Each structure stands twice: as C-alpha cells, then as structure tokens.
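Here are the chains, one letter per residue:
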Amino acid sequence: MNERTLSAGYADLLAAVADALDVPLPSFAAADEDAYRQLLEHRAGIVRSTVQANLQHSRDPWLAASQIRERSAGYPITYTPFKHRPVNGEDR
C-alpha cells in the first residue's frame with residue numbers, strides 16, 4: 001500500500017469511527033436515555049475491539065473501517081431523538 005492509499009485508508013477509518021459514535025441525543029424520557037447509553041456502549045465496544053484486532057492482525061485501515069460500519073449497523077437507533085423546540089420566536 002502506498003502512502004497516499006494508506007492515508008486515505010486511515011481517513012476512512014476515522015470517518016467510520018466518527019459515524020459509529022455520532023448518534024443523536026435522546027429525548028428526555030428515561031427509556032430513551034437508557035437506550036441511548038446502551039447504544040453508545042455497544043458501538044464504542046465495536047470500535048475498540050475492531051481497532052485492537054486490526055492492530056494485532058491485518059493493520060488494514062480499510063478492513064477495520066468496513067468492519068466498524070457493518071457491525072455498527074447491527075445496533076440502529078431505536079429511541080426517540082431529542083427535538084429542539086424554538087422558544088419565544090427564537091427560530092425566526
């Protein structure tokens with residue numbers, strides 16, 4: 001792998017990590033807050049274990065990015081996201 005390809009691979013890996021962990025805030029309902037916390041814990045665990053395994057074995061950033069995306073898709077957003085409501089004409 002040349003340097004340019006490797007740099008693009010690591011950029012893709014970082015994008016996959018950011019996408020996996022970038023989930024909307026939950027509504028104020030306790031069940032939604034619990035689901036949000038569990039989702040982040042699962043996805044953070046996926047990122048951690050995938051990166052650790054990749055470092056020990058293939059060291060291929062494209063493979064790690066792909067695995068993070070595939071495994072994170074198994075943990076979709078199932079809670080109601082927070083919705084900002086304008087107050088006192090704030091949204092004008």
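In what follows, the structure referred to is the one given above.
Within any chain, residue numbers begin from 1 and follow the written order of that chain's sequence. It should be noted that, the model being predicted, local features are given only for residues of pLDDT at least 70 and side-chain atom pairs only at 80 or more, the latter also being counted only at that level, while totals for whole chains, interfaces and linings use all residues. To get the side-chain values, take all heavy atoms of the structure and skip hydrogens and water.

S.K.: How do you make sense of the overall build of the protein chain when you look at a structure like this?
M.R.: The helix and strand labels rest on DSSP assignments: H or I over at least four residues marks a helix, E over at least two residues marks a strand, and numbering proceeds from the N terminus. Along the backbone of the protein chain there are 3 helices and 0 strands. Computed over C-alpha atoms, the radius of gyration of the protein chain comes to 17 Å, more than 25% over the 12 Å expected from 2.2 N^0.38 for 92 residues, which places it beyond the range of a compact globule. Along the three orthogonal principal directions, the C-alpha set of the protein chain runs to about 55 × 30 × 15 Å. The buried label goes to any residue with under 20% of its type's maximum accessible area, the exposed label to any with over 50%, and the partly exposed label to all in between, with areas taken from a 1.4 Å probe on protein chains only. For the protein chain, buried positions account for 24% of its 92 residues. As a reference, a globule follows 2.2 Å times the number of residues to the power 0.38, and the radius of gyration itself is taken over C-alpha atoms.

S.K.: So what exactly am I meant to see when it comes to a nonpolar patch on the surface here?
M.R.: Within this analysis, patches are made of residues with over 30% relative accessible area and no salt bridge. Like charges are joined at 9 Å or less; nonpolar side chains (Val, Leu, Ile, Met, Phe, Trp, Tyr) at 5 Å or less. Per-residue and other accessible areas follow the Shrake-Rupley method at a 1.4 Å probe size, with only the shown protein chains counted as cover for residues. We define a salt bridge as a contact between a side-chain nitrogen of Lys or Arg and a carboxyl oxygen of Asp or Glu at a distance within 4 Å. Together, Leu25, Phe28 and Phe82 give the surface a local cluster of nonpolar side chains, amounting to about 360 Å² of exposed area. With respect to the helices and strands, the residue Phe28 is situated in the loop between helix H1 (3–21) and helix H2 (30–56). Phe28 sits in the exposed class, given a relative accessible area of 67%.

S.K.: Could you clarify how one ought to interpret unusual backbone geometry in this entry?
M.R.: A negative phi angle is the norm for most residues apart from glycine, just as the trans form is the norm for most peptide bonds. Positioned with a positive phi, Arg59 is a non-glycine residue whose angle comes to about 55 degrees. Relative to the assigned elements, Arg59 resides in the loop between H2 and helix H3 (61–73). Among the residues examined, Arg59 registers a relative accessible area of 53% and is labelled exposed.

S.K.: What should I look at first to understand the pattern of salt bridges in this one?
M.R.: Two side chains of opposite charge can pair, provided their charged atoms sit close to one another. Going through the model one piece at a time under the given rule, you end up with 2 salt bridges. For the salt bridge of Arg69 with Asp12, the shortest nitrogen-to-oxygen distance reads 3.0 Å. Of this pair, Arg69 sits in helix H3 while Asp12 is found in helix H1, placing the two residues 57 residues apart along the sequence. On the basis of relative accessible area, Arg69 is assigned to the partly exposed category, the value being 34%. Between Arg37 and Glu41 there is a salt bridge, with the nearest N and O atoms lying 3.1 Å from each other. Linking Arg37 with Glu41, this pair stays in helix H2, spanning 4 residues, or about one helical turn. Given a relative accessible area of 38%, Arg37 falls into the partly exposed group.

S.K.: For this particular structure, what's the right way to read the nonpolar core?
M.R.: Note on soluble globular proteins: their nonpolar side chains tend to be buried together. We define the nonpolar core as a collection of buried residues of types Ala, Val, Leu, Ile, Met, Phe, Trp, Tyr and Cys that are connected through side-chain atoms lying within 4.5 Å of one another. Residues Leu13, Ala16, Val17, Ala20, Val47, Ala64, Ala65 and Ile68 constitute the largest nonpolar core, which totals 8 residues. Counting residues per element, the ones that place at least two in this core are H1 and H3. In this analysis, two residues are considered to be in contact whenever any of their non-hydrogen atoms come within 4.5 Å of each other. Beyond its immediate stretch of four places on either side in the chain, Ala16 contacts Ala65, Ile68 and Arg69.

Structural measurements only, silent on function.
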